[in-house]
Amino acid sequence: MDSCRGARTAVIVGAGVAGLTAATALARGGWQVEIAEVGPPEATSGWGLCLTGPALRGLDELGLADACLAAGHGMSTITHADVHGEPAGEVRLPRLIGARRPAMVGIARPVLHRILHAEAERCGVVVRHGVTVAAVDQERDLVRVRLSDGTVRQVVLLVAADGIRSSARGLLGLETSLEFHGQMVWRALVPRPRWATGIHQFAGKADTAGLVPLSDRQAYVFLTENGVERSALPDAELAPRLRQLLEPFPGRVEEIRSLVSGSESVVRRPVLTALLEGAWNRGNAVVIGDAAHAPAPQMASGAALAVEDGLVLACELGRHATVAAGLQAFVGRRAQRCRTLVETSVAIAGLEQAQRHREAYPLVESCHRLMAEPA
Ligand SMILES: Cc1cc2nc3c(=O)[nH]c(=O)nc-3n(C[C@H](O)[C@H](O)[C@H](O)COP(=O)(O)OP(=O)(O)OC[C@H]3O[C@@H](n4cnc5c(N)ncnc54)[C@H](O)[C@@H]3O)c2cc1C
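What counts as what
Here the residue index of a chain counts from 1 through its sequence in written order. Residues qualify for local features only when their pLDDT is at least 70, as the model is predicted, and side-chain atom pairs are given and counted only at 80 or more; totals for whole chains, interfaces and linings, by contrast, use all residues. As a convention, hydrogens and water are excluded, and side-chain values are obtained from all of the structure's heavy atoms. Neighbouring residues are identified by heavy atoms, a residue being near a molecule or strand if any of them is within 4 Å of it. Between N or O atoms, a polar contact is any pair within 3.5 Å; within protein, one atom must be a potential hydrogen donor and the other a potential acceptor, and residues adjacent in sequence are included only when both atoms are from side chains. Every accessible area reported is derived by Shrake-Rupley at a probe size of 1.4 Å, with residue values counting cover from the shown protein chains alone. Going along the chain from the N terminus, every DSSP run of H or I of four or more residues is numbered as a helix, and every run of E of two or more is numbered as a strand. Each residue gets one of three labels, nonpolar for Ala, Val, Leu, Ile, Met, Phe, Trp, Tyr, Cys and Pro, charged for Asp, Glu, Lys and Arg, and polar for the others, Gly among them. Here, the term nonpolar core denotes a set of buried Ala, Val, Leu, Ile, Met, Phe, Trp, Tyr and Cys residues that are joined through side-chain atoms within 4.5 Å. Categorising residues by exposure relies on relative accessible area from a 1.4 Å probe, with only protein chains included: less than 20% of the type maximum marks a residue as buried, more than 50% marks it as exposed, and the intermediate range marks it as partly exposed. Throughout, a contact is declared for two residues whenever any of their heavy atoms are within 4.5 Å. As used throughout, domain bounds are those supplied by an automatic or database domain assignment. Here the quantity called buried area is the accessible surface, traced with a 1.4 Å probe, that two parts lose on coming together, added over both. Here the axes come from fitting lines to C-alpha atoms, over the contacting stretch only for helices, and the angles between their N-to-C directions go from 0 to 180 degrees. Convention used here: angles under 35 degrees read as roughly parallel, angles over 145 as roughly antiparallel, angles from 65 to 115 as roughly perpendicular, and any remaining angle as oblique. In a left-handed crossing the near helix is turned counterclockwise from the far helix by less than a right angle, and in a right-handed crossing that turn is clockwise. Stacked, tilted and edge-to-face are the three classes assigned to paired rings of Phe, Tyr and Trp, where Trp is represented by its six-membered ring and a pair needs centres within 6.5 Å; plane angles under 30 degrees give stacked, over 60 edge-to-face, the rest tilted. A pair of strands is labelled paired if DSSP reports no fewer than 2 bridges between them.

**Quick notes on the site of the ligand**
So, step 1. Taken together, 30 residues form the shell around the ligand, and within it Glu37, Cys50, Thr132, Asp290 and Ala303 come nearest.
So, step 2. A distance of 2.7 Å separates a nitrogen atom of the ligand from a polar atom in the side chain of Thr132.
So, step 3. One of the backbone nitrogen or oxygen atoms of Ala300 is found 3.2 Å away from an oxygen atom of the ligand.
So, step 4. Coverage of the ligand by the protein amounts to 81% of the 1000 Å² it exposes when considered alone.
So, step 5. If you tally residues by element for the shell around the ligand, the top one is helix 8 (residues 302-319), at 4 residues.
So, step 6. Taken together, the residues of the shell around the ligand sort by class into 17 nonpolar, 8 polar and 5 charged.

**Here's the deal with the nonpolar core**
Nonpolar side chains tend toward joint burial in soluble globular proteins.
So, step 1. Judged by nonpolar contacts, the single largest core of 83 residues is most densely connected at Ile12, Trp31, Leu51, Leu157, Leu158, Ile288 and Leu313.
So, step 2. At 10 residues, helix 8 tops the list of elements feeding residues into this core.
So, step 3. Excluding residues within four positions of it along the chain, Ile12 makes contact with Gly19, Ala22, Ala23, Leu26, Val33, Glu34, Ile35, Ala36, Val159 and Ala161.

**Observations concerning the domain arrangement of the protein**
So, step 1. When its domains are assigned, the protein resolves into domain 1 (9-73 + 103-177 + 274-372) and domain 2 (179-272).
So, step 2. Relative to domain 2, the C-alpha centre of domain 1 lies at a distance of 26 Å.
So, step 3. The interface is formed by 28 residues belonging to domain 1 together with 35 residues belonging to domain 2.
So, step 4. Both sides together, the interface formed by domain 1 and domain 2 hides about 2200 Å², and carbon and sulfur atoms give 54% of it.
So, step 5. A per-residue breakdown of the area domain 1 buries against domain 2 is headed by Trp47, His73 and Gln353, which together make up 33% of the total.
So, step 6. Inspection of the domain 1/domain 2 interface yields 10 residue pairs in polar contact (both at pLDDT 80 or more).
So, step 7. Looking at the side of domain 1 that touches domain 2, the elements that each hand over two or more residues are strand 3 (48-51), strand 7 (104-108), helix 9 (323-353) and helix 10 (357-372).
So, step 8. Tallied by class, residues from the side of domain 1 that touches domain 2 come to 15 nonpolar, 11 polar and 2 charged.

**Points about the packing of helix 8 against helix 9**
So, step 1. Running from N to C, helix 8 and helix 9 point in directions that differ by 155 degrees, and their axes come no closer than 8 Å. When the axis of helix 8 is compared with that of helix 9, the two are roughly antiparallel. Here helix 8 runs over helix 9; the crossing is right-handed. Between helix 8, through Leu305, Glu308, Asp309, Val312, Leu313, Cys315, Glu316, Leu317 and Arg319, and helix 9, the contact on the second element is made entirely by Val323, Gly326, Leu327, Ala329, Phe330, Arg333, Arg334, Arg337, Cys338 and Leu341.
So, step 2. Each residue belonging to the contact of helix 8 with helix 9 can be placed in one class, and the counts come to 11 nonpolar, 1 polar and 7 charged.

**Here we look at the packing of aromatic side chains**
So, step 1. Counted according to the given criterion, the structure contains 1 aromatic pair.
So, step 2. Their ring planes at 70 degrees and their centres at 6.0 Å tell us that Trp280 and Phe330 sit as a pair that is edge-to-face. Within this pair, whereas Trp280 is found in the loop between strand 17 (266-275) and strand 18 (281-282), its partner Phe330 is found in helix 9, the two being separated by 50 residues in sequence.
So, step 3. We classify Trp280 as buried; its relative accessible area is 2%.
So, step 4. Residue class for Phe330 comes out buried when judged on its relative accessible area of 0%.

**Structural notes on unusual backbone geometry**
So, step 1. The phi dihedral of Arg140 falls on the positive side, at around 50 degrees, and the residue is not glycine.
So, step 2. Tracing the backbone through its elements, the reader meets Arg140 in the loop between strand 9 (133-139) and strand 10 (142-147).
So, step 3. According to the relative accessible area criterion, Arg140 is exposed, its value standing at 78%.

**A word on the sheet that holds strand 8 (residues 126-129)**
So, step 1. On the basis of which strands lie adjacent, the open sheet formed by 6 strands has the order 8-2-1-12-19-18 and mixed pairing. Looking along the sheet, the strands with just one partner apiece sit at the ends: strand 8 and strand 18.
So, step 2. Note that strand 12 (residues 157-160) and strand 19 (residues 285-287) share 3 bridges and pair parallel. If you follow Leu158 over to strand 19, its bridge partner there is Ala285.
So, step 3. Against the sheet, helix 9 contacts strand 12, strand 18 and strand 19, and its axis sits at roughly 15 degrees relative to strand 19.

Structure below.
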């Protein structure tokens with residue numbers, strides 16, 4: 001059966017960055033796409049994202065980069081400083097969508113999701129909320145997908161894009177373990193200080209703190225807590241504890257610290273990574289995004305990989321006569337690049353833990369330059 005050029009029907013599990021990008025790119029290539037998203041509409045986890053050059057380049061291919069730049073905060077530099085705010089280096093990131101537009105954009109997660117969601121629906125993608133995949137069977141070129149509401153779809157392509165804790169990955173028999181790296185990351189939404197026009201990072205004696213602008217008015221403070229157990233804190237303790245962890249930083253961080261208000265504006269997550277070893281696909285089903293390769297947040301590029309996955313998947317399926325051949329070409333193009341980013345982010349997390357910040361800065365820069373190469 002000429003799958004790719006025949007009935008091009010797909011179910012995608014998860015309406016995150018990877019799922020929505022893949023859905024839009026496939027729909028534009030003539031696919032009929034339905035997304036099963038377990039969460040309610042407009043639900044996102046975390047406050048903001050930095051979309052680095054490769055993410056912006058991918059979004060530009062979909063015609064969405066300018067909408068993200070208009071809704072977010074364009075920037076081109078990462079400024080590293082010591083705990084007192086003394087400069088320790090500046091990374092100027094390559095401008096991948098032209099010299100007149102910035103290298104990256106900080107954007108609130110719900111805003112990015114609204115942009116991606118609206119475009120997917122405009123292209124005819126059906127997004128169903130509150131459903132997941134309960135079972136998957138494959139026979140020859142067909143994937144039979146039973147959804148949690150009892151309905152069944154028979155499609156030629158299943159895409160598991162349900163994040164680092166993917167359950168669709170398990171249904172396909174593709175297991176991976178989540179690695180914890182002894183760090184908890186904090187994010188708090190604050191008003192943007194006027195001086196914050198790029199990413200600012202401050203290396204403390206124990207932890208790393210910083211700021212990412214998300215719009216003219218908003219930014220998020222981040223703090224990476226080193227050498228800690230994976231644990232949960234009661235919600236009410238989040239803001240007081242974050243302010244306490246920011247105390248050892250004088251200067252600009254002191255100003256940021258005073259902006260952290262209620263605990264409802266604070267989130268705290270473990271630094272986890274995942275990487276599928278070997279195949280990412282089983283027959284006509286494939287795993288993409290964080291479900292296949294989740295880096296540590298230190299390179300701020302997980303979303304970039306997710307956007308690229310969606311575009312490369314649609315491109316390879318469009319170029320090959322069968323889904324199987326398209327998926328093989330997709331994994332062949334993606335596996336090494338994604339592995340490099342995950343492994344580099346883990347190495348940076350390790351250098352941060354060891355207080356070897358000055359060794360981490362060139363690694364960050366060289367990895368961004370590598371990622372600037374076409375996907
Ligand atoms: C603290 C933190 C900060 C980060 N900062 C950055 C950053 O600045 N820049 C950057 O590029 N990356 C960053 N990342 C990484 C980035 O968030 C991820 O790489 C990116 O979101 C991956 O996209 P995804 O679509 O694969 O997964 P997700 O964004 O996790 O989306 C998965 C979707 O699937 C849905 N889902 C889950 N389970 C099911 C199920 N069983 N059935 C149906 N649907 C399901 C979820 O509800 C969600 O909508 C950060 C990560 C963390 C943890």
